[in-house]
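# Survey of secondary and tertiary structure
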Amino acid sequence: MEKNEVFVAEIIDMTSEGTGLAKIDGFPLFVKDAYVGDVCEVGITKVLSSYAYARLVRIVTPSPYRCESACEISRKCGGCQFMELEYLRELEYKTDKVRNNIERIGKVYEFDFCEIIGMDDPSHYRNKSQYPVGLDNKGHIVTGFYAGRTHDIIPNKNCAIGSDVDAKILEAVVDYMIAGKLHPYDEKKHTGLVRHVLIREGKQTGQIMVCVVINSDNLPNSKDLIERLTKIKGVCSICINVNKKDTNVILGDETYSVYGEMFIEDYIGDVKFRISPQSFFQVNPLQTLKLYQKVLEFAGISPEDVVFDLYCGVGTISLFLAKSAKTVYGVEIVPQAIQDAWKNAAINNINNVDFRVGKAEEIVPKMYEEGINADVVVVDPPRKGCDDVLLNTIVSMSPKRLVYVSCDSATLARDINFLTQHGFYLQKVQPVDMFPRTVHVETVCLLSNRKPDSYVHLNLKMEDYYRIKD
């Protein structure tokens, strides 16, 4: 097998990254954009000692699970791996992915596996989108998304999973740039003005924020931009973010408002949140509510319980749990997020929360040494999972229940393996499809503490045994 060779192959499986797997004479071949059941013509792009990569040339016989894509650029963009896969099959894939990781990596085989929570309509669900701005090969201003592993912009104004108002906003920004003869940012030359357009939407409130990221301190003729954007229903906040650094990071350190407040508001259930350009907020609020309801159900909080919410972000889970608990302690490493958490607590008149800034693996051991213990612990770590020091502290703390929320079921399973070897047992696993049309899936797990006093020990003499038997 050599590079550029072409074969006809059947896709027999899919990887955890959503890539199709075929075999040519037993040799594994990974094919992007191919699904189980596809018979396709593939071109070899890279050959290694034990496997190879290939591109999809054409589909000879489509998989029975294929459907018409809602996005004509999905293959070029690469942001959505499953835009051409039937949604029910996507949910099956994610279910299998979570279960397989927990059994294979976590080494746990007996637990209550709940049916995945999907969406009725897996389109236009995102409340946040970030569009780079650039020039096409004809010199026209375009917005869209970077093609996979490149900074080449694939033109797009109406992402199939983004807000359905995005197109109008992007058209207004581009028209403003053309009228003012303003140039998009060129990251190779470090020239030009407009770098990105960040759009945030309150799905419950209808409020919309537009944040324009620029390579300058000031935006020329901002009144014209304001006039164009405020014609769009819902736009109530227009911000400018200054990013003059030669960097791939989208947002700079300075943000100021040119119209309205520097935040919008939205709800998760009956809890209100203020969302600024830099705020972390779940991108799928409808599924977030379902996720948090499961967290609350699994946590089983009583009015006398002390709860730790670790990696708490802007306090979304903390505030959701606080109404049922005695006290909730939230820990987060990002200072701005903790500031937002305190603001959100004040907005909702929630007083039984205590937010602390720092690494969870440093803050929680100190709290434990000070005698602050948790009845229930909730963790929602980044993809890398929990730190070993934190896991050991949780084991020492011995809470009644641990609710683990994860966006990566592989690192989740790794941590479950540790916890089940140190006094916890896995009771329930609940996948939630927070990111339809992509390979990602959220999972909520309930682990309970196997405490010595949870068992009944019987010391029977031999005569007692026969008496019971009779």
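Below: a short report on this structure.

Cut-offs applied
Residues numbered from 1 in each chain as written. Predicted model: local features only at pLDDT ≥ 70, side-chain atom pairs only at ≥ 80, totals over all residues. Heavy atoms only, no water. Pairing = 2+ DSSP bridges. Helix = DSSP H or I, 4+ residues; strand = E, 2+ residues; numbered from the N terminus. Axes fitted to C-alpha atoms, helices over the stretch in contact; angles between N-to-C directions. Buried < 20%, exposed > 50% of the residue type's maximum accessible area, 1.4 Å probe, protein only. Arc of directions from axis to C-beta. Contact = heavy atoms within 4.5 Å. Polar contact = N/O pair within 3.5 Å; in protein donor to acceptor, adjacent residues only side chain to side chain. Core = buried A, V, L, I, M, F, W, Y, C linked by side-chain atoms within 4.5 Å.

### Structural notes on the sheet that holds strand β9 (residues 141–146)
- Overall, mixed pairing links the seven strands, which are arranged β10-β9-β8-β11-β12-β13-β14 in an open sheet. Edge positions in the sheet fall to β10 (153–155) and β14 (254–259), since each of these pairs with one other strand and no more. Put simply, the sheet's adjacent strands are angled 35 degrees from each other on average, direction ignored.
- Here strand β11 (residues 194–201) runs beside strand β12 (residues 208–214); their pairing, made up of seven bridges, is antiparallel. Opposite Val197, over in β12, you have Val212 as the bridge partner.

### Describing helix α9 (residues 388–397)
- Within the span of α9, buried status applies to Leu390, Leu391, Thr393, Ile394 and Met397. All buried residues of α9 lie within an arc of 160 degrees about the axis, which places them on one face of the element.
- Among the structural elements, β17 (306–310), α8 (360–369), β20 (376–379), β21 (401–406), α10 (409–420) and β22 (424–432) are those in contact with the buried residues of α9.
- By the N-cap criterion, in which a side-chain oxygen at the helix start approaches the backbone nitrogen of a residue two or three places on, α9 is capped by Asp387, the distance to Val389 being 2.7 Å.

### Concerning the nonpolar core
- By size, the foremost hydrophobic cluster in this structure holds 122 residues, and its most contacted members are Ile102, Leu229, Phe308 and Leu310.
- Among the elements that take part in this core, helix α3 (residues 166–179) stands out by supplying seven residues, more than any other.
- Leaving out residues up to four positions away in the same chain, Phe308 has contacts with Tyr329, Val364, Met367, Ile372, Asn373, Ala374, Val376, Val377, Val378 and Met397.
- Residues Phe7, Ala22, Val31 and Ile44 belong to the second largest nonpolar core, which totals 14 residues.

### Things to note about the sheet that holds strand β3 (residues 20–24)
- Taken in spatial order, the six strands line up as β1-β5-β6-β4-β3-β2 in an open sheet, and their pairing is mixed. Every other strand in the sheet has two partners, leaving β1 (6–10) and β2 (13–14) as the edge strands with one partner each.
- Strand direction decides the pairing type here: strand β4 (residues 27–31) and strand β6 (residues 52–61), joined by three bridges, are parallel. Bridge assignment links Leu29 to a residue of β6, and that residue is Ala52.

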